[in-house]
Each structure stands twice: as C-alpha cells, then as structure tokens.
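One letter stands for each residue in the lines below.
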Amino acid sequence: MTEVVPTGAFDAHRPPSRELLDDCVHCGFCLPTCPTYQLTGEEMESPRGRIYLMDLASRGEIELDDAFGAHMDSCLGCLACVTTCPSGVQYDKLIESVRPQVERQIPRAVPDGLFRRLIFALFPYPRRLRLAALGGLAYQRLGLRALLRRLGVLDRLPARLRALEALLPPVTLRALFAKGAQHTPAAGETRLTVGMMPGCAQRVFFGDVNAATVRVLTAEGCDVRVPQDDQCCGALSVHAGREEDGLARARATIAMFERPGIAELDVIVANVAGCGSTLKEYGHLLADDPAWAERAAAFSAKVKDVSELLAGLARRAPRHPVATTVAYHDACHLANAQGVRNAPREVLRAIPGLEIAEVAEAELCCGSAGVYNLVQPEAAEDLGRRKADHLAATTPDVVATANAGCLLQIRRFLDAGIPVVHPIQLVDASIRGVEPVPTSRRRTG
Amino acid sequence: MTALASPSEAGLRVLLPTTAGEVRDALLDTAGSRPRIGVRGTGTADAWATPAGPVDVEVDAEVATTELRGVLRYNPADMTMAVRAGTPLAEVQEEVGRHGQRVAFDPARAALGATVGGLLATADGGPARHAQGTLRDLVIGVTVVLGDGTVARSGGHVIKNVAGYDLAKLFSGSFGTLGVVAEVVLRLHPLPRASATVAVPVEPAQAHDVGDRIVGAGLEPSALELCDDRLLVRFDGTPEGVARRAKAVAAAVERPVQEAADTDWATVAATALGEPGDTVLRLGTLPSAGPGTLAALPTAGLDTALSSTVMSGVHTLRLRGGSPAAHAEVLRAAHAAVGPACTVLRRDGLPADAPAWGPPPRSVAVLRAVKQRFDPTGRFPAARLAPWLDPEGVRA
Amino acid sequence: MLSQLRSALVDAVGVDGVLDEPSALRSYECDGLTGYRVTPAYVVLPRTAAAVAAAVTACARHGVPFVARGAGTGLSGGALPVADGVVISLQRLRRIVEIDPVNRRAVVEPGVTNLDITKAVAPHGLYFAPDPSSQQVCTIGGNVAENSGGAHCLKYGFTVHHVHSVDVVLPDGTPTTLGGESELAEGPDLLGAFIGSEGTLGVVTSVTVKLLPRPAAVQTLVADFDSVEAAGATVTAIIGAGIVPAAVEMMDTLAIEAVEAAVEAGYTKGVAAALIVELDGPAEEVATQLAEVETLCRDHGTTAVTRTADPAERARIWKGRKAAFAAVGRISPNYFVQDGVVPRTRLTEALTRIGELADEAGLRVANVFHAGDGNLHPLVLYNEAAGEHDRAEHLSSSIAELCVDLGGSLSGEHGIGTDKACSMTRQYGQDDLDTMKRLRAAYDPAGVCNPGKLFPTPRLCGERPGPYHPHPLESAGLIERM
C-alpha cells in the first residue's frame, strides 16, 4: 500500500509527480524554444513557468482556477522544451498528468465546452468525419464558400469556427471513399509482418498517403495488415487531457491489433507523428491497469514510425531519381516526442536527385498541435504563418511533413502553389518512377 | 610625508603625499584652510582641455602625485600589478618587462613620464587602442581619495570581478574633478615574442576601407594606425606567424606594401604631443565616417599632421602655422561635427577664448549629479570639465 | 494607492501589459536563484522604450520600487522582486533594430538574447564575443546589468568591453544615453560604471554592441589529467609561456559525470580533471600555439588529449561545458552555484580548501570553472527534502568568502544581487561601500530602482555575514542605510 502523498490543489488521480517537478532547476533554457513564450513573453506561458505553477498547485499554494487552466490550455504540447532541457525534465509526463486535472476540475465556459465536445464527437470517428467532409465538399464545390467569402460572412465568424472552416482541405469525392485493403502481401520475399493504423483524419483526408505507405512497405518486403475498424488511437484525447476517453481508445486499439495476433506482427507502423507518439506511450498510459499493463507495454515496444522502419531496412526496391527540392518540416510529435529526426532525412536522402532545404526556426511548432489550431486559433495562426513563411523562404518545390495535423495547418497558410506532401509520398514516387506531385499542381515560375 | 614644498610664486601650496594615507591626511589637513584642490602628476597633460581664458587661480593647493610612486604588489604569475598612481607608466613597463610582460597601452605621453593616475584621469590612448582599448580596459582595481578624506577601493586584484560598482571607470576621464586616484591595479599581458610593422601607402579617404580588408582577412593586427598617408599595420605573435601575416597584407589590400620605418611610430607619437605653438585635437567618429569628417574640416592653409586609429574612429589632428582664428575655425567645425567627442590636447595655436569642449554628452545631468555626490563641497573645482559640470561658473 | 498605481501602469503599457493575477505574480517571484522568492504587486511587460519610461515614471511618482527583469536566468537573485513592488519585464523589447557591418556594431533591444545577436550578425561573418553559458536564453540587457563574461572572456573580455552605448531610463523616468557614438571618451566613463551595476541605476532600453569578425582559425583541445593540481599547473604553464588562449576551462569528476549524463558530450567519465583549451586567431598563430599547448599538457602528465577544429565536434564539447550547471540537476535534487574568483596562482589551493569545507559539511561539490582567470563555479549539491538546505547555503557562502580571503572576489560573473550582498563587507570596507553608494544616490536618490540588492544592511544581515533573506520592509526600500 503506497503512502498517501498530499496533492495540494490536484485531485488524487495521477497528479503530477513531485519527483518529476523537482527535476526542474529553473534554469530557463526552455524559454527560447517555447512557441507560446516566443509569442507572448510571459513567464507563465513558458515550460518553466507552467512547471512552476504546477509546483505551486501541487503544494496547495495556488488554486486550479481559470488562469491556471488557461496557461495549461495554451501549451501546444510540442515538447520542444523536452529536447532542450539540460536537466532532463519530463515535461511531457507533467503536462499529460495536468491536462486531465484541468478537464476534471476547471469548468469550461459553455461555448468552449460545446466546441470541444463537437471536436471530440467528430474527429475520432472516421465515418462521421467522412460525412462532415462530404458536407464540406459540397460547401466548397457548390460555391457556398466563395459566396460566404464574398459576403464577408467568413470574416465575421468567431475565430474558432473560422479556423475550422479554413482547415478544410481540398479533397476529391473518390479520395473520400477510397478504402484500403486489409491485407497486402509483400512484393517478393516477406522480410517483416507489419500492422498499420489507418488513422482518423488521416484515412479521411489523406487516404492517398496511406496508400503510398502501403505500397512502399510492400515494395520493401513487408506484409502489411491494416485493421478496417473505425478505431481512433486516442492521441487527440490524450493530448487534450481527456483521460478516460483516451485510455478507452488505447485499450480498444490494443485489442484490435490482438485480433490478427500481435505476436505475428513484427512491427506496428505509424505514418502520423501524433498517433505514433501516443501508440508508443500506451505502456506508460496503462501502467496502472493490471489487466492491460503488460499487453500495452508489449504493444508499444513494437511501434515504429514508418521512417524509422525504412531507415532500418536495407533498401530493396530501387529508387528512381526525383529532382525536387524539399523543405522538410519536423513534426513536433516525431522530432521531440519520439526523438526521430535523422530517419526521415536519411530516407529522403536515399532518393537520388532530391535535395533537402534547411528551414529557419526549424524547431518551432507549426501551431497544429492536435486540436490546438481549433481551440487557440489566434496563437496557432501566428505560428502557422511564421512556419509557412520560413518554409516558403527556402523556395522549395514541395513541402513535406510526417503528420496529418501539420499537413492541414501548413497547407492552410502556405502559398497555394507549393504542394504539401507526406515524405512517404516522395519515396513512393521514387520507387514507382513517377512525379511525386502532378505537374499541373506544381508552382510555376 | 616629505616636507611640503614651499609655496609657488602664485601662493599655491603643493602637497607631496607618498601613500594613499598621506593623500587622505593632506586633504583633511587642508579642508578648512585651503579648500580648493587641484591634482597634478608629472604635468604631461597640463595642456589638455585647458579651459578658455582668462583663468583665475582656481585652486588653493595642489596634490602633486610625483612622490606617490612605487609598486605595491606584483606577482608575475598572476599577471596583475598594483602601483601607486604617481608612478610613471614607463617605469611600470620597465619593471614588468623584466618578467616578459607589459601593460598593453601606448599613449604618446608615456615617453614624457606620464603617470598611471594621470593617464587614467585623462582617458588617453595610443595605437594599441585598436586591439586592447585604453587604460579604462586594463585597470582592474583602484583606490581613490575623496575631498572629505574618504579612502575608497573598488575592484581588486583579479581580472574577473563584478563585485560592487567599478569606480575606476568613473574616474577614467574625470580630469581630477571627483577625487584623487591614489592606487591602481593593472592587468598585464605577455610581451609578444615577435613584432613587425608594415606600411600601406593610402589616401586618407581610403584608410578605413583598406583597414577593413586587413581585419576582414582575419590577420588580427595589434595596431592599425593611419599616419598621414601611410597605414601602419603591426602584428604581434610568433616569429613565423608574424612574418606570414605581414606578407599576407599585400594580397588582402591589393596594393603594394612597404616595410615600416623605425620613425613611423615616433611620428604617430609626435603628432599627439605636438610642439609649442601647435594645436592638437583628438576627435571620435564612427569609424567609417572618419575620413569624411576629417576631410570636411577647414584645415586649408594649415600645416597638418594626422594619426588615426582607423577601426576605432579615433583621430589625432595636429595644426601648425596659420592664424589663431583659423585654428578656432577648425575647432568649431569639429565641435559641430562630433559634439562632445573632441578633446583638446594642446591649445597653443588657439585664441584664448576658444572653448575647450563642445556640447556636452546627453547624460550630462547624470554627470553633474555624480559630481555633486562625490564632491558635495566642491573641493575639486570643475576646472577642465567646467563647461560641462559647471557651465554657469557657480563653483569655479 | 495601489489601484492608482495600477491605472498609471495600464496607461503606460496598455492593459495587456499589466499582470496582476496571483498565478502570474507568483511566476515572477524568483530568477535562476530559486532560494529567494518574493511576490511582486504587479508585473508589467512594455513593448517600447517609451512604455518603459512611462512605467518607471509611474513607479517613481508613486514611490513604488521596481526591478527590471530579462529572461530571469540570473544566478544571484538580481531580479528578485521587491515585496509590493513592480517587476518590469523587458521580454517584449526583442527587436534587432539595426546591424551596421561596416562599423561592426549593432543596435538591439534589451530583451534580445545574447545568442540571437550572434545569429543575426553571422551572415556578415561577425559575432558578439561575450558568451555566458546561458547565452541561448539570457538577454543582452541582463548581460549589461551583470557585466557578463563567459568562457571566452579570458581573451575577449566582458560585456563592458563590447558595448558602445546604452539608452537608459533613469530611476525618475527620464531617458538618457550613456556612452557616445564614437569610442573616444567624453568625460568620466559613466557607461563603464553602469555596466555591471546590476539594475540599480536605471533600466536599459537599447544597447549598441560591438561586433567582432570570426577568427580565421579555431582549435579546441581537451586534455584529461589524474589530478586537479596537474591540470592547474598546466594552465599556469600555458599562461606563463605567453599564450593567451581564447578560453581555458576545467571540470572535475562530478561535473563530468553530470554533463555526460545530460548531453553525452564525449568527456572521459571518472577522470579527475578535464581541461578544455581553445585557441583562436590567425591560422599561423593557432597552429603554433596548439602544438605548444599540447606539449605542455604532456609535460604535465595528461592521460589523454584530443584536439579538433571540426565545428560539430567543437559544438559538442562546448555544449557539454555550457550545460554543466543545469546538468548537475541529474545527479542531485538541488544545488547552489557559486561564482568566486581567486588569483589564478591560488586556484589549486582554493580547490583543496573547498574540498575540505565540503567534507566538513558532509556535502558534495562539483567544480566547473574558468581556469584561465581563476573564476570558480563550485556547485554545492544537496537534498532539500533531507533538510540539507541551510548547511548547503552556509557552505556556499563560506566558499565565496574563502575566495575573498585568498585575494580574489565574491563574484566573477553572476553579480552580487541578493545572494552575496551580506558578504560584501568581507571584500570591502565600509568607506568603500559608502563611496559606491554615492554613485547609486546620484542615479537614484529616491531609492526605488532595484533596492535591497548589492549592498548589505548590517541590521538585516546580522553580525555574521550569511545567507540573506530580505525583510519585507527592507525589500520595499522603506528601511535601508544609504
């Protein structure tokens, strides 16, 4: 029976750990890497400041009030601070333990609460998302969007609805309803048996990325299994502090992969940085649940981002040249949360004729951050524009990033002439010997 | 304390303390009888910033630092030395030179016997300013004596020291208006193993560009001094290194390069010292603006000599011949061009009423507040800083 | 009265520039030195120099003390708020106003980080030489306040050697400029005395910095030694040979352990002392000097020498050294970092004595320091939860005072601030301190500008100089002997 430790203003359910809080020595090295600190200059909007507030709350010296909640909500969860911290503070674990406390203890204003409920009633459900996207398609194609823009209605929408509206990516009807196969055998001898999460927003809006991923994996000798369930991995919920929700999805995801048999799978591959980082965390998230702890740990141990997997495999399929300059954007949940930076670059460099451009302020988040760009649209817009400007400044032929959220966010703010793709699409094009992006969509001039 | 010198012809009492304690005693002893005190070293800067005349005898007694000499502490391994302020810099150089060290500071007055305290109080400088700055950058500790006899130390004997305010900086350029500098602790540098100077003939207008190329080529000269129409470039270091860097100058500047003459550095010093009858001005500009500012001065018809620490934008201009009015015109134009950044080092050729200083720096109100706090009873007449400290002449 | 101040502050900096929520105010209650915490009444974040002046004026008019704050990374509690006072954060004045590559200078706002200056001027082949270990986060305004140095100050000097002028808001709200457009002195060097005055004489709103061209060649060498004495003797020999390295740093076993745990910089774990020597300058000179330095290391029994000119490797070596303080957080729950200076020739003696003091106190001390100039950074490791705080604080100030006793100084870089104010009487006499206070009185007769810092107040420091906890009235500037 563990000793009861006072938790101050936090409730007793998984409060931030005193040990983790004590790791912070208040040196401030995290400040320059924090996007919200860069935007506001306020101490409470920095990792150091947030930890300080957590510490005060943990000691019962401050309440969990609206101000506290606001400072936690405004954190993007980009984890750039974790990468920089010389003391090894596990801010990721801290913010993840505090967000659920915020959800449980700090009542949200009605519009805020409703909006969040809308998001979480929609995004983790591919079927509903598909319907909404259909509606969005109609809205775009039937000229409603153009009409509303001309009438100035769009500008008068509250920022959050404007953000929702603006993030709608262009999709085709066919892409919306394309379905991937459940099982695709390897081309040639099977080297690995691989399971893949189709994702939620990913399968609805980026089905072509999933298709490209499967093609590349099979070309490289992987036998690919893609469960067809409409199952969300729970990343959005976990990152937003909706703990029960997130854990339930984690269990369901693990169970789903136990059907084809986890033991048969050598690797569980993710091609969405946000999802991949949560899948790798299942072991930690379910550590307290005796029925799931071992299974979750076993599951997480097999998770790899597709770039990690490819970088670790000796290349089998020959790569055809793709003469393209790529501005590669490190998704925070790949670079910071998973520590994967070199693998995607290695994979891209293996494509002859492809050049990777160095992007200024590369470590700065693009502002997508899960549902951040929907719930904190102003800050997200500042960051999105900044990121888009830096990407465009490298005059690339194409921008590549390994996360659905980043793809949507960057596309919204980037010059329309520059296509935004997932790196796997470049690899796929190289293997198939085709143009990665149809010439008609390329920037002219 | 040695016996006081007999009063001079003007009734001036000269005090000759030999230690900081004796400086304090001298000031306390004269507080009632001879309140107004002037400070003087070996007199090599007597001509500096001399006020416009006619000048009354504004002091009752003079603290002469000529007996306030000697090394207080010197550990060659630490590369710091504490000396009494009346010690001539040349003596210090000789002493530390015996241990392969030097004070990286080469003002022209040093050869005439200028004291360390006097050089600090006048903020003098030489060609070494290019790489090492001036005495202000080399003093790591100071002991001063204020008008009420307070003896105060700041800094210490170590190069790195941020404990407390740095009073040495305050006294640098103070011209004896805040108190008496009694002791100074200096940071030392090793004597270079080898040294070489080359000369690049240039038009003064091109001096900055040419200097820029040498610096930009990474050759790290220890001095880059324009002497009339030749840019002197000095290198310190190892024998091979110095030789190779000197050779590299020609390629860097894309011009012919000559060996410097022994007399070149002497000429630089002579320009700063001047001769009886000369006017010598020192101006400060943005380095790139130096050539233009100097060219615009109305020096036509005058015999001029110029030395510039080119990359620092500090220029020493000697005027000779012509009329006092012509000299005054140049001074007026200098004040108009550089405001407070003009020091008069010698005023023989100027009319008596030419002002020693141009418009004051923006922070002059702070300066006056500092003066008021450090010398509330006005024991150290504003004298050579009077135009800035005491423009109304309230407290002589 | 406080509400009048609040509306004056809102007028000065705008309503989004005034923080008064409890959680906000608590967030500003300490800087990098967490041992001292005081909650201010307000925090303001002006965006322009004019707003800074207006904020200071508002404080001055209401007789309310204020403290300027940069990134809050200071290690002496210089940005510790005054109880019921105002904190003026300069973090929203972050523009690089002008870069003049021809004259090798730049004009920047005080909230710009030290490293960002170098990054901004790098395209011109220039850099800003003072490089404190916190340079990626500390601000130039803070560097001016503390006269910051850094590893390369042995050759290149400190902030005071690299600033042409500063715009300052005086404690009564009047703006002025210290230093001129040129390098020629314009009377007494007010700028030189202001730099390092720890925010007690005014608030900086603009800094014109001096830039240097990148040296032609750089070589970095790391040498392992079996003892600190051997490493120290090597340093003496190097300096004695007339070489002026750009930097000479040393780390002991504990420090290396922490660094390697944090960043894996490639130092040899378990070795008694690692010496880092960096030489820079013209290629010809560097090559010769490097060979000499290596020989001297071998002469003094180095067990391993690596040398590199590769930028990535050099970056790794320096990353390790610069992360040392924070890295210590991995081998100890808490620590104090000291900043004493001793004459270089007494370095070994100082380290031996520190070891003895540490043993007596039953605590560990890791040592990281600028061996070239005798500036020590002993890191006193302790566990707050085990009740070791007071013992550690006492050890920490004993070390600082030891440095004074050995002929050195309480602080080489971090400043006196709150932390060492009570120890000032160990280094200076009452007349010395009173004279310094005349300077402060000239700038701040009302005593509202960062009061309670730098100078001891015997009444509150007690008879024995020790850890200093400001009394609220004293912090408010209402009682102090000036």
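Everything numeric here is computed off the predicted structure, so don't read it as measured data. Note that residues are indexed from 1 along each chain, following the sequence as it is written. Here the convention is simple: chains get letters from A, ligands get numbers from 1, in the order in which they are written. Only residues with pLDDT of at least 70 are given local features in this predicted model, and only at 80 or more are side-chain atom pairs given and counted; all residues enter the totals for whole chains, interfaces and linings. Each side-chain value is derived from all of the structure's non-hydrogen atoms; neither hydrogens nor water enter the calculation.

Caption draft 1: Representation of the overall build of chain C in the model. Think of it this way: any DSSP run of H or I at least four residues long counts as a helix, any run of E at least two long counts as a strand, and we number them from the N terminus. Check the secondary structure of chain C and you find 18 helices and 18 strands. Taken over the C-alpha trace, chain C has a radius of gyration of 22 Å; the compact-globule value for 482 residues is 23 Å, and the two agree within 12%. Projected onto the principal axes, the alpha-carbon positions of chain C cover approximately 70 × 55 × 40 Å. The proportion of buried residues among the 482 residues of chain C is 67%. Note on contacts: a residue pair is in contact if any heavy atoms of the two residues lie within 4.5 Å. Looking at chain C alone, contacts between residues at least 24 apart form 71% of all its contacts between residues at least 6 apart. Residue-level accessible areas treat just the shown protein chains as cover; the underlying method is Shrake-Rupley with a 1.4 Å probe. On chain C, roughly 15,100 Å² of surface is accessible, and the fraction owed to carbon and sulfur atoms is 51%. Restricting the calculation to C-alpha atoms gives the radius of gyration, and the globule rule supplies 2.2 Å times the number of residues raised to the power 0.38. Here the term buried applies to any residue with accessible area under 20% of the maximum for its type, exposed to any over 50%, and partly exposed to those in between, with areas from a 1.4 Å probe on protein chains only.

Caption draft 2: A look at the environment of V338 of chain B. All names here are of chain B. Topologically, V338 is positioned in helix 10 (residues 324-338). We classify V338 as buried; its relative accessible area is 12%. Linking V338 and R136, residues 202 residues apart in sequence, is a C-alpha distance of 22 Å.

Caption draft 3: Fine view of the nonpolar core. Definition of nonpolar core: a set of buried residues of the types Ala, Val, Leu, Ile, Met, Phe, Trp, Tyr and Cys, connected through side-chain atoms within 4.5 Å. By size, the foremost hydrophobic cluster in this structure holds 137 residues, and its most contacted members are L170 of chain B together with V166 of chain C. In contact with L170 of chain B, other than residues within four places in its own chain, are L178, V370 and F374 of chain B together with P188, D189, L190, A193 and L439 of chain C.

Caption draft 4: Just the interface of chain A and chain C, in detail. Of the residues lining the interface, 27 residues belong to chain A; the matching set on chain C comes to 35 residues. The term buried area means the drop in 1.4 Å probe accessible area that two parts suffer when joined, counted for both and summed. Both faces considered, chain A and chain C share a buried interface measuring about 2,400 Å² in area, 52% of it formed by carbon and sulfur atoms. Counted as salt bridges are all cases of a side-chain nitrogen of Lys or Arg within 4 Å of a carboxyl oxygen of Asp or Glu. Summed over the shared surface of chain A and chain C, the number is three salt bridges. N or O atoms closer than or at 3.5 Å make up a polar contact, with two conditions inside protein: a donor-capable atom paired with an acceptor-capable one, and, for residues adjacent in sequence, both atoms drawn from side chains. Our enumeration of links across chain A and chain C arrives at 13 residue pairs in polar contact (both at pLDDT 80 or more). Among the secondary structure elements, those contributing two or more residues to the side of chain A that touches chain C are helix 2 (35-40) and helix 3 (47-58) of chain A. Ranked by residue count, the leading element in the side of chain A that touches chain C is helix 3 of chain A, at four residues. When residues are sorted by character, Ala, Val, Leu, Ile, Met, Phe, Trp, Tyr, Cys and Pro go into the nonpolar class, Asp, Glu, Lys and Arg into the charged class, and all the rest, Gly among them, into the polar class. Its residues assigned to classes, the side of chain A that touches chain C comprises 14 nonpolar, eight polar and five charged.

Caption draft 5: Geometry of the environment of A133 of chain A. Residues and elements named next belong to chain A. Here A133 lies in helix 8 (residues 126-141). The exposure class assigned to A133 is buried, which follows from its relative accessible area of 4%. Along the backbone, A133 and L56 are 77 residues apart, and their C-alpha atoms lie at a distance of 44 Å. Discounting residues that sit within four places of it in the chain, A133 has contacts with L176, V204 and F205.

Caption draft 6: Up close: the sheet that holds strand 3 (residues 61-64) of chain B. All names here are of chain B. Criterion used throughout: strands pair if DSSP finds at least two bridges between them. In spatial order, the strands read 1-3-2; together these three strands make up an open sheet with parallel pairing. Of all strands in the sheet, those bounded by a partner on one side alone are strand 1 (13-15) and strand 2 (37-40). Averaged over neighbouring strand pairs, the angle between their axes works out to 25° when direction is ignored. To define axes, lines are fitted to C-alpha atoms, for helices over the stretch in contact only, and angles between the resulting N-to-C directions are given on a 0 to 180 degree scale.

Caption draft 7: Molecular detail of the side chain of T150 of chain B. Looking at where T150 of chain B falls in the secondary structure, it is placed in the loop between strand 7 (139-145) and strand 8 (151-155). Polar contacts involving the side chain of T150 of chain B include one to the side chain of D148 of chain B, which spans 2.6 Å. Beyond its immediate stretch of four places on either side in the chain, T150 of chain B contacts V144 and V145 of chain B together with D431, T435 and R438 of chain C.

Caption draft 8: Expanded view of the sheet that holds strand 13 (residues 230-237) of chain B. Residue and element names in this part refer to chain B. One open sheet accounts for eight strands, arranged 14-11-13-12-16-17-15-18; its pairing is antiparallel. Where the open sheet ends on each side, the last strands, each with one partner, are strand 14 (258-259) and strand 18 (342-347). Direction of pairing for strand 12 (residues 223-227) relative to strand 13: antiparallel, over a ladder of five bridges. Residue pairing in the sheet places C227 in a bridge with R230 of strand 13. Relative to the sheet, helix 10 contacts strand 15 (279-284), strand 17 (314-320) and strand 18, its axis offset from that of strand 15 by approximately 10°.

Caption draft 9: A look at a nonpolar patch on the surface. Like-charged residues are merged into a patch within 9 Å and nonpolar side chains (Val, Leu, Ile, Met, Phe, Trp, Tyr) within 5 Å, provided each residue has over 30% relative accessible area and no salt bridge. Nonpolar side chains collect at one region of the surface, where L144, L147, L151 and V153 of chain A lie side by side and expose about 320 Å² of accessible area between them. Along the chain, the position of L144 of chain A falls in helix 9 (residues 144-150).

Caption draft 10: Broad picture of the domain arrangement of chain C. Residues and elements named next belong to chain C. We note that the domain assignment places domain 1 (2-89), domain 2 (96-213), domain 3 (217-405) and domain 4 (421-462) within chain C. Look at where the C-alpha atoms of domain 2 and domain 3 centre, and you get two points 27 Å apart. Taken together, the 11 residues of domain 2 in the interface contact 16 residues of domain 3. Counting the surface lost from both domain 2 and domain 3, the interface buries some 1,000 Å², and carbon and sulfur atoms represent 53% of this. Counting the surface domain 2 buries against domain 3, the share from its top three residues, S133, L154 and K155, is 53%. Linking domain 2 with domain 3 are two salt bridges, by the criterion used here. Domain borders in the structure are assigned automatically or taken from a domain database.

Caption draft 11: Quick peek at the interface of chain B and chain C. Counting residues at the interface gives 76 residues for chain B, matched by 85 residues for chain C. Regarding the contact of chain B and chain C, the summed buried area is about 6,300 Å², with carbon and sulfur atoms giving 57% of it. By the criterion of area lost to chain C, the three top residues of chain B are K160, V162 and Y165 of chain B, representing 16% of everything that side buries. The interface formed by chain B and chain C includes 29 residue pairs in polar contact (both at pLDDT 80 or more). Element by element, the count of residues in the side of chain B that touches chain C is highest for helix 11 (residues 364-374) of chain B, at six residues. The class makeup of the residues in the side of chain B that touches chain C is 34 nonpolar, 22 polar and 20 charged.

Caption draft 12: View of the arrangement of the chains. Considering every one of the two pairs of chains in contact, the largest contact total is recorded for chains B and C. Left apart from each other, chain A and chain B have a closest C-alpha approach of 21 Å.

Caption draft 13: Region of interest: the pairing of strand 17 of chain B. Residue and element names in this part refer to chain B. Taking burial as the measure, the seven residues of strand 17 include six buried ones, the bulk of the element. Here strand 15 pairs with strand 17 via six bridges, running antiparallel. Opposite L281, over in strand 17, you have L317 as the bridge partner. With seven bridges connecting them, strand 16 (residues 303-309) and strand 17 associate as antiparallel partners. Note that in strand 17 the partner of T304 across the bridge is L319. Once strand 16 ends, the chain turns through four residues before running back antiparallel as strand 17, passing G313 with a positive phi of about 70°.

Caption draft 14: Broad picture of the packing of helix 11 (residues 159-167) of chain A against helix 24 (residues 404-413) of chain A. Residues and elements named next belong to chain A. The geometry of helix 11 relative to helix 24 is characterised by a closest axis approach of 9 Å and an angle of 95° between their N-to-C directions. On the basis of their axis angle, the class for helix 11 and helix 24 is roughly perpendicular. Where helix 11 abuts helix 24, its residues A163, A166 and L167 lie against L408, Q409 and R412. The labels follow the angle: roughly parallel below 35 degrees, roughly antiparallel above 145, roughly perpendicular from 65 to 115, and oblique for the rest.

Caption draft 15: Expanded view of the pattern of salt bridges. Applying the stated criterion to the full structure yields 79 salt bridges over all chains. Notably, a salt bridge pairs R98 of chain B with E95 of chain B, separated by 2.8 Å at the nearest N-O pair. Its relative accessible area of 57% is what places R98 of chain B among the exposed residues. By relative accessible area, which is 23% here, E95 of chain B ends up partly exposed. For D303 of chain B, the salt bridge goes to R318 of chain B, with nearest N and O atoms at 3.4 Å. Highlighted residues: D303 of chain B in strand 16 and R318 of chain B in strand 17, separated in sequence by 15 residues. Residues participating in the shared-partner salt-bridge network are D73, E103, R108, D112, R116 and R160 of chain A.

Caption draft 16: Fine view of the packing of aromatic side chains. Stacked, tilted and edge-to-face are the three classes applied to pairs of Phe, Tyr and Trp rings, where Trp contributes its six-membered ring and a pair requires centres within 6.5 Å; stacked means planes under 30 degrees apart, edge-to-face means over 60, and tilted covers the rest. Summed over the entire model, instances satisfying the criterion amount to 10 aromatic pairs over all chains. Residues F336 of chain C and Y382 of chain C carry aromatic rings whose centres are separated by 5.1 Å and whose planes lie at 10° to one another, so their mutual orientation is stacked. Of the two residues, F336 of chain C is situated in strand 16 (residues 334-337) and Y382 of chain C in strand 18 (residues 375-382); the sequence distance between them amounts to 46 residues. For the pair F336 of chain C and Y382 of chain C, a shared accessibility class is recorded, and that class is buried. In textbook terms, an aromatic cluster arises when at least three aromatic residues are bridged by ring pairs, as seen for F257, Y282 and F299 of chain A. Across from the ring centre of W265 of chain B, 4.8 Å away, lies the NZ or CZ of R234 of chain B, which sits over that ring. Two conditions define a charge located above a ring, namely a distance within 6 Å from the ring centre to NZ of Lys or CZ of Arg, and an angle within 35 degrees of the ring normal.

Caption draft 17: Structural context of helix 3 (residues 49-61) of chain C. Residue and element names in this part refer to chain C. In this model helix 3 runs 18 Å from its N-terminal to its C-terminal C-alpha over 13 residues, within 8% of the 18 Å that 1.5 Å per residue would give. Residues A51, V52, A53, A55, V56, T57, A58 and C59 constitute the buried set of helix 3. Contacts from the buried residues of helix 3 go to helix 1 (2-13), strand 2 (42-44), strand 3 (66-69), strand 4 (86-89), strand 8 (163-169) and strand 10 (203-210). Positive phi shows up at G63, right after helix 3, with a value of about 65°. Any helix carries an expected span of 1.5 Å times its number of residues minus one.

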